[in-house]
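One-letter residues, chain by chain:
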Amino acid sequence: MPRWLRENALTVAMLGAFVVFLLLQSVFGWQVHNEELAEYGATPLSWWAYLGTGHFAEAVFENWESEFLQMGGYVLLTAYLVQKGSAESKPEDQTDRPEDDPRHANPDSPWPVRAGGLPLVVYRNSLSIALLMIFGGAFLGHLFGGVAAYNEEQALQSGAAPISAWQFLGTSDFWFQSMQNWQSEFLAVGVLILLSIVLRQHASPESKPVTAAHAQTGA
């Protein structure tokens, strides 16, 4: 295996799986959407045209929205909350790690750490900020894709006049789509936190060492 691939294999594997599953989602979603159009006697779309529809955008972004909310919330909450015995938690009595103290900066530290001031304040929280900003973008993608899909569906079914994104934001339909994904994401993380107390996966940083006691918190 080439060195660059070995050093980046985890990212390559995860993003490769993402591309494959997104492509498959688009193909199956295209077929489903054309079946719906056929029911109303509408002209079917090409796959390329389908990628620009609200049906596809809504399905993609409502899932991205929940994933990045979960990850951003998880990163932020683990900075302040603990779970005794979990590999997903820092030790109970730990606040910042010694390495988080900017006084321990060295020439190889990122430049905001060495600069101090506002750049340091932002950088100390940059991971959760970035994840929650992506969540915000996905939320908007879900909203605008969702209202486009909703208006198309209403036009096909009853010829109803289109509504605005602001009006769609106030519908039960939008929040039902969001909550069905949000709850599942937080359930998955909560289960991982609890299972990591007593279960192990050797060689994984998401697990405590196989020999660690159940009461040991963190890796």
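My aim in this report is to walk through the structure given alongside it, one point at a time. The structure displayed is predicted, hence computed values, not measured ones.

## Observations regarding unusual backbone geometry
Line of reasoning, step 1. Residues other than glycine seldom take positive phi values, yet Ala 203 does so here, at roughly 75 degrees.
Line of reasoning, step 2. For Ala 203, the location among the structural elements is in the segment after α9 (172–198).

## Here we look at the side chain of Ser 26
Line of reasoning, step 1. In this structure, Ser 26 sits in helix α2 (residues 9–39).
Line of reasoning, step 2. Separated by 3.1 Å, the side chains of Ser 26 and Trp 47 make a polar contact.
Line of reasoning, step 3. Dropping the residues within four chain positions of it, Ser 26 is found in contact with Trp 47, Tyr 50, Leu 51 and Phe 56.

## So, a negative patch on the surface
Line of reasoning, step 1. Among the surface-exposed residues, Glu 35, Glu 36, Glu 39 and Glu 153 lie close enough to one another that they form a single negatively charged patch.
Line of reasoning, step 2. Counting residues per element, the negative patch draws most heavily on α2, at three residues.
Line of reasoning, step 3. Following the sequence through the fold, Glu 39 ends up in helix α2.
Line of reasoning, step 4. Given a relative accessible area of 64%, Glu 39 falls into the exposed group.

## A short note on the packing of helix α4 (residues 54–77) against α9
Line of reasoning, step 1. Orientation of α4 relative to α9, taken along the N-to-C sense of each, is 40 degrees, at an axis distance of 9 Å. Comparing their axes, α9 and α4 come out oblique. Relative to α9, the crossing made by α4 is right-handed. Note on element contacts: α9 touches α4 through Gln 177, Ser 178, Gln 180, Asn 181, Trp 182, Glu 185, Phe 186, Val 189 and Ile 193, opposite Glu 58, Glu 62, Asn 63, Glu 65, Ser 66, Glu 67, Leu 69, Gln 70 and Tyr 74.
Line of reasoning, step 2. Its residues assigned to classes, the contact of α4 with α9 shows six nonpolar, seven polar and five charged.

## Side note on the layout of surface pockets
Line of reasoning, step 1. As a volume, the largest pocket reaches approximately 1200 Å³.
Line of reasoning, step 2. If you list the elements that add at least two residues to the lining of the largest pocket, you get α4, α6 (117–124) and α7 (126–157).
Line of reasoning, step 3. A breakdown of the residues in the lining of the largest pocket according to their chemical character gives 18 nonpolar, ten polar and nine charged.
Line of reasoning, step 4. Size it by volume and the second largest pocket reaches roughly 470 Å³.
Line of reasoning, step 5. No other element matches α2, which puts seven residues into the lining of the second largest pocket.
Line of reasoning, step 6. Residue composition of the lining of the second largest pocket, by class: ten nonpolar, two polar and one charged.

## Focus: the environment of Glu 206
Line of reasoning, step 1. One can find Glu 206 in the segment after α9.
Line of reasoning, step 2. Residue classification places Glu 206 among the partly exposed residues on the basis of a relative accessible area of 43%.
Line of reasoning, step 3. The spatial distance from the C-alpha of Glu 206 to the C-alpha of Glu 92 is 18 Å, given a sequence separation of 114 residues.

## Some points on the pattern of salt bridges
Line of reasoning, step 1. Counted according to the given criterion, the structure contains five salt bridges.
Line of reasoning, step 2. Glu 7 is the partner of Arg 3 in a salt bridge, and the nearest nitrogen-oxygen pair spans 2.8 Å. A residue pair is termed a helical-turn pair when its members lie 3 or 4 positions apart in one helix, as Arg 3 and Glu 7 do in helix α1 (residues 3–7) at four residues. Summarising the burial analysis for this pair, Arg 3 and Glu 7 share the class exposed.

What counts, and where the lines are drawn
Residues numbered from 1 in each chain as written. Predicted model: local features only at pLDDT ≥ 70, side-chain atom pairs only at ≥ 80, totals over all residues. Heavy atoms only, no water. Helix = DSSP H or I, 4+ residues; strand = E, 2+ residues; numbered from the N terminus. Polar contact = N/O pair within 3.5 Å; in protein donor to acceptor, adjacent residues only side chain to side chain. Contact = heavy atoms within 4.5 Å. Patch = residues over 30% accessible without salt bridge, like charges linked within 9 Å, V, L, I, M, F, W, Y side chains within 5 Å. Areas by Shrake-Rupley, 256 points an atom, 1.4 Å probe, with all protein chains shown as cover. Salt bridge = Lys/Arg side-chain N within 4 Å of Asp/Glu carboxyl O. Lys, Arg positive; Asp, Glu negative; His and termini not counted. Charge placed at Lys NZ, Arg CZ, Asp CG, Glu CD. Buried < 20%, exposed > 50% of the residue type's maximum accessible area, 1.4 Å probe, protein only. Axes fitted to C-alpha atoms, helices over the stretch in contact; angles between N-to-C directions. Parallel < 35°, antiparallel > 145°, perpendicular 65-115°, else oblique. Left-handed = near helix turned anticlockwise from the far one by under 90°. Nonpolar A, V, L, I, M, F, W, Y, C, P; charged D, E, K, R; others polar. 1 Å grid on protein atoms, 1.4 Å probe; cavity = no way out; pocket = protein on both sides within 12 Å on 5 of 7 lines; lining within 4 Å. Points joined across faces, edges and corners; volume = space filled by probe spheres on them.

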